[in-house]
2 protein chains.
Amino acid sequence: MLDTPNVDRFDVDRRARRRESTRREILDAAWEVARESGLTGVTLRDVAERVGMRAPSLYSHFESKHAIYDAMFGEAWADYERVVRVEGAGAPDDLRGAAHAMSRTFFDFAVADHARYQLMNERVVPGFEPSAESYAPAVRVLEATYAVAAERGLADPDDLTILLAIIGGLVAQHLANDPDGDRYERLLPRAVDIWADGIGLPRTTPEKDPA
Amino acid sequence: MLDTPNVDRFDVDRRARRRESTRREILDAAWEVARESGLTGVTLRDVAERVGMRAPSLYSHFESKHAIYDAMFGEAWADYERVVRVEGAGAPDDLRGAAHAMSRTFFDFAVADHARYQLMNERVVPGFEPSAESYAPAVRVLEATYAVAAERGLADPDDLTILLAIIGGLVAQHLANDPDGDRYERLLPRAVDIWADGIGLPRTTPEKDPA
DNA sequence: GTCTATACTGTGATAGAC
DNA sequence: GTCTATCACAGTATAGAC
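Below, the structure is looked at part by part.

### As for the relation of the copies chain A and chain B
Superposing chain A onto chain B requires a rotation of 180° together with a translation of 0.1 Å along the rotation axis, leaving an RMSD of 0.1 Å. In symmetry terms, the pair is related by a two-fold rotation axis. The fraction of interface residues of chain A whose copies in chain B are also interface residues reaches 100%, indicating that both copies meet through the same surface.

### Thoughts on the protein's contact with DNA strand D
The full set close to DNA strand D counts 16 residues, and A:Ser57, A:Ser60, A:His61, B:Tyr59 and B:Lys65 are the nearest of them. Within 4 Å of the protein, the contacting atoms of DNA strand D are drawn from sugar and phosphate to the extent of 62%. Within the side chain of A:His61, an N or O atom sits 2.5 Å from a phosphate oxygen of DNA strand D. Interatomic distance of 2.8 Å between a side-chain N/O atom of B:Lys65 and a phosphate oxygen of DNA strand D. Residues belonging to the surface near DNA strand D are distributed by class as follows: six nonpolar, six polar and four charged.

### Comments concerning the environment of B:Asp70
All names here are of chain B. Tracing the backbone shows Asp70 in helix α3 (residues 65-89). Counting along the chain gives 15 residues from Asp70 to Ala55, while the straight-line C-alpha distance between them is 18 Å. Here Asp70 is in contact with Phe128, Glu129, Pro130, Ser131 and Ser134, once residues within four sequence places are set aside. There is a polar contact of 2.7 Å between the side chain of Asp70 and the side chain of Ser131.

### A word on the protein's contact with DNA strand C
Close contacts around DNA strand C come from 16 residues, with A:Tyr59, A:Lys65, B:Arg19, B:Ser57 and B:His61 the closest. Within 4 Å of the protein, the contacting atoms of DNA strand C are 63% sugar and phosphate, with bases supplying the remainder. Contact distances for DNA strand C include 2.4 Å between a phosphate oxygen and a side-chain N or O atom of A:Tyr59. The class makeup of the residues in the surface near DNA strand C is six nonpolar, six polar and four charged.

### Quick look at the pattern of salt bridges
Residue and element names in this part refer to chain B. By the definition in use, this model includes 34 salt bridges over all chains. A salt bridge links Asp197 to Arg203, with the nearest nitrogen and oxygen atoms 3.3 Å apart. According to the relative accessible area criterion, Asp197 is buried, its value standing at 17%. Residue classification places Arg203 among the exposed residues on the basis of a relative accessible area of 65%.

The rules behind the values
- Residues numbered from 1 in each chain as written.
- Chains lettered and ligands numbered in written order.
- Predicted model: local features only at pLDDT ≥ 70, side-chain atom pairs only at ≥ 80, totals over all residues.
- Heavy atoms only, no water.
- Least-squares fit on C-alpha atoms with pLDDT ≥ 70 in both.
- Contact = heavy atoms within 4.5 Å.
- Near = heavy atom within 4 Å.
- Polar contact = N/O pair within 3.5 Å; in protein donor to acceptor, adjacent residues only side chain to side chain.
- Nonpolar A, V, L, I, M, F, W, Y, C, P; charged D, E, K, R; others polar.
- Helix = DSSP H or I, 4+ residues; strand = E, 2+ residues; numbered from the N terminus.
- Salt bridge = Lys/Arg side-chain N within 4 Å of Asp/Glu carboxyl O.
- Buried < 20%, exposed > 50% of the residue type's maximum accessible area, 1.4 Å probe, protein only.

Shown next as structure tokens:
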């Protein structure tokens, strides 16, 4: 007795795939609710209803509400990582130009989905802290950003930290004070240039020959 | 009948004072809970218990939980306004020096009480928006800041907006990533100098004679 | 006006039947 | 896996004691 049941590999695959797709549906519904009702406006009952379930059934797929937030967090940063990889490919060789491109990319991504940005970068959900696994893409993006800057001749990594604070500060002001306007978006190029001037980068695209 | 009851002005005063002091006790308790359990960790039952009441009794003094947050919001900005007035009195005459002093003041005030900063400057409480009355001191502080900068020769007010974003960005990073450390505090002077250099302010305290 | 008791609705979460 | 039932806890509305 206690023999291996008659379940071949195909059944296991199918079951795993089905389970994955249910998780996907739940996450899609959660994103939908977050965009409509705000990040903290997400309720399990609302999410469950959109996938044709009762709230407790969600616990078959996620350990808790925070686990759903956690999966969303990882997804958001993975999405941003993809965007950075695509747009970063065509980034200018000079540090100032790269800073402009990077800040634009970040600002646009941030502003496109307020709830997503709050989840990624602000501490809006009371008890939530991302797991190491979900945090990984965020770390990768940051490390890649520092590497890109170093390649383009950034002397002090602290200066990049400051640039990131500048951009984050403008995004925060935008979301808090002028979410539908362009008051802070307009300041973005100026802010980046102030930073570039402030750390002594050359004004225009530098020529290749040093002599 | 229906004569004016025998209540003189003293009784009215005393009652008003008693009412005010009860409000004070409630607000103090609310601040206490906010510092201990986080801003969103404040519950009416917890606040009520600390002032020796039941939760519904708070409604005799505040219309709602948001009304308590609103009073706290106004109080926090009024406190900061007071700090700015005191420390601003001894502010340097040059714009760079004033920027350094101002950013220090703001950063220290922000970091001293995380819950207070979240209430003042981040959108952490789901449905809460400050009333016009509570918002007033915040507006006054901002206007005064722009005035101080203009007096010291700031050419473009947008540049001050950018400075404020820089400081706010550093505070946000501090609170999110290194609340007990000094990783971002250390960057503050450098960030302000980058800004000052970037908008073309002289390096040292300028001398009065232009020739 | 101030406070309490009670209760209503909605939340995340758990237990157990099917 | 999904359900129903239920729990503990939240904010808050209401009625009534004082």
